[in-house]
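These are the residues of each chain, in order.
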Amino acid sequence: MDYKGDIFYIRQVLEGKTIAYTYLVDQHKDHAFNLAFRICGNREEAEEIAQDAFIKAYKSLGNFKMRSSFATWLYRIVYNSAISLIRTRKKVISLEDFPGNTADSMSYSDNEAETKAEEEYRNTLLNIALQKISEEEKGLISLYYFEEMTIDEISAVTGLNKSTIKVKLFRARQKMLEIIQETENRNKIHYEKAR
Amino acid sequence: MKKPGKFEDDILRKYINPRKIEKAPEGFTGRLMTLIQIEKVPVKAADKFRINYLVPVISGTVAVLLVVSAIFLGTAENITAYDPVIRFLDNIRIPFPDIKFDYFYNITIPRLISYLAIGFFVLTLFDRVLNSLFYKRNKQ
């Protein structure tokens, strides 16, 4: 069935057809989950955050202004929930929680496998770097790079002004690159020693 | 979505694949919709305002109408609309108001019953009207 747009389903929900919310959930669940996951780094927590965000959105659907984007509105809830959850729990996350931690299982048997392994290695490096930046920076990095949002859209989600976002993104990016380079250098040394 | 040019030559992009997003776990929608079914159906902001403020608005309006009609209609022998107000002002005694208890002594039981019956009738009518207005919403 073709997706008829967010507004169509929102109107249906407001008319009492709760089931129409299923379409909205299906449409946005992966991005909402991904954003929560990138911020908190844990699948269970990310699911909880995404679920809570959808419930909050449902409860206050009556206050939603039809002119704005439902996705932006939902991401704002996810972003705020994830940030506040991390701040209150201050849980130390394990690297195992992150995806693509397969650096040890790299195989160079053929080109395809090599490309895949390289991609996974890069992903691992990225996740190591993501672990070491603040939750707010994780959120910004996720919105900018994974969700491919513009600075204006990020501003609408986070409530931060555009220049603050640019500065924070720049710093987060620098920090991450430093961490990635450090880890790569360390890995090279270990690899050479092992040989 | 078009991005601003500032980070276009971004080395970090080498490590990020935006298509590779983490997907929500299996059964996410089902579990969520089960929780949603328990929640009340959301209502439009305009409806919410009407529901929250209709009772006080109606009560306030009725109270104001009753006070105004009491002042302007006054007793049976009023001549002009302003007479009761003037009489009321004249009757104000400082420091103690002059309350005439004779009126209460003269009330007979049949008269009292007729007043009470009318009072009950008006209140029941008022209650029925409000109930018919809000019953549907509460049921949701």
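Residues numbered from 1 in each chain as written. Chains lettered and ligands numbered in written order. Predicted model: local features only at pLDDT ≥ 70, side-chain atom pairs only at ≥ 80, totals over all residues.

Would you mind going over the packing of helix H4 (residues 70-89) of chain A against helix H6 (residues 135-146) of chain A in detail, with residue names and values included?
Residue and element names in this part refer to chain A. Where H4 contacts H6, the axes come no closer than 10 Å and their chain directions differ by 155 degrees. The angle between H4 and H6 places the two elements in the roughly antiparallel class. Considering how the two elements wind past one another, H4 and H6 form a crossing that is right-handed. Contact residues: H4 offers Tyr 79, Ala 82, Ile 83, Ile 86 and Arg 87, while H6 offers Glu 135, Glu 136 and Gly 139. Grouping the constituent residues of the contact of H4 with H6 by class yields four nonpolar, one polar and three charged. (Axes fitted to C-alpha atoms, helices over the stretch in contact; angles between N-to-C directions. Helix = DSSP H or I, 4+ residues; strand = E, 2+ residues; numbered from the N terminus. Parallel < 35°, antiparallel > 145°, perpendicular 65-115°, else oblique. Left-handed = near helix turned anticlockwise from the far one by under 90°. Contact = placed C-beta atoms within 7 Å. Nonpolar A, V, L, I, M, F, W, Y, C, P; charged D, E, K, R; others polar.)

Describe the packing of helix H2 (residues 21-40) of chain A against helix H3 (residues 43-59) of chain A, with residues and values.
All names here are of chain A. The contact between H2 and H3 brings their axes to 8 Å, and the two run at 135 degrees. Classified by the interaxial angle, the pair formed by H2 and H3 is oblique. Regarding H2 and H3, the two cross each other, and that crossing is right-handed. Between H2, through Tyr 21, Val 25, Lys 29, Ala 32, Phe 33, Ala 36, Phe 37 and Cys 40, and H3, the contact on the second element is made entirely by Arg 43, Glu 45, Ala 46, Glu 47, Ile 49, Ala 50, Ala 53, Phe 54 and Tyr 58. For the contact of H2 with H3, the residue count by class is 13 nonpolar, no polar and four charged.

Go over the confidence of the model for chain A with me, naming the residues and quoting the values.
The predicted model of chain A has a mean per-residue pLDDT of 83, with 88% of residues at 70 or higher. In this model, residues 99-108 of chain A is a region of pLDDT below 50 whose contacts with residues beyond four sequence positions or in other chains number 19 contacts. (pLDDT = per-residue confidence, 0-100.)

Any details on unusual backbone geometry? Residues and values, ideally.
All names here are of chain A. Phi is positive for Glu 148, which is not a glycine, with a value near 50 degrees. Tracing the sequence through the fold places Glu 148 in the loop between H6 and helix H7 (151-158). In this structure Glu 148 comes out as partly exposed when scored by C-beta crowding, with 14 C-beta atoms within 10 Å. (Buried ≥ 20, exposed ≤ 12 C-beta atoms within 10 Å, placed from the backbone.)

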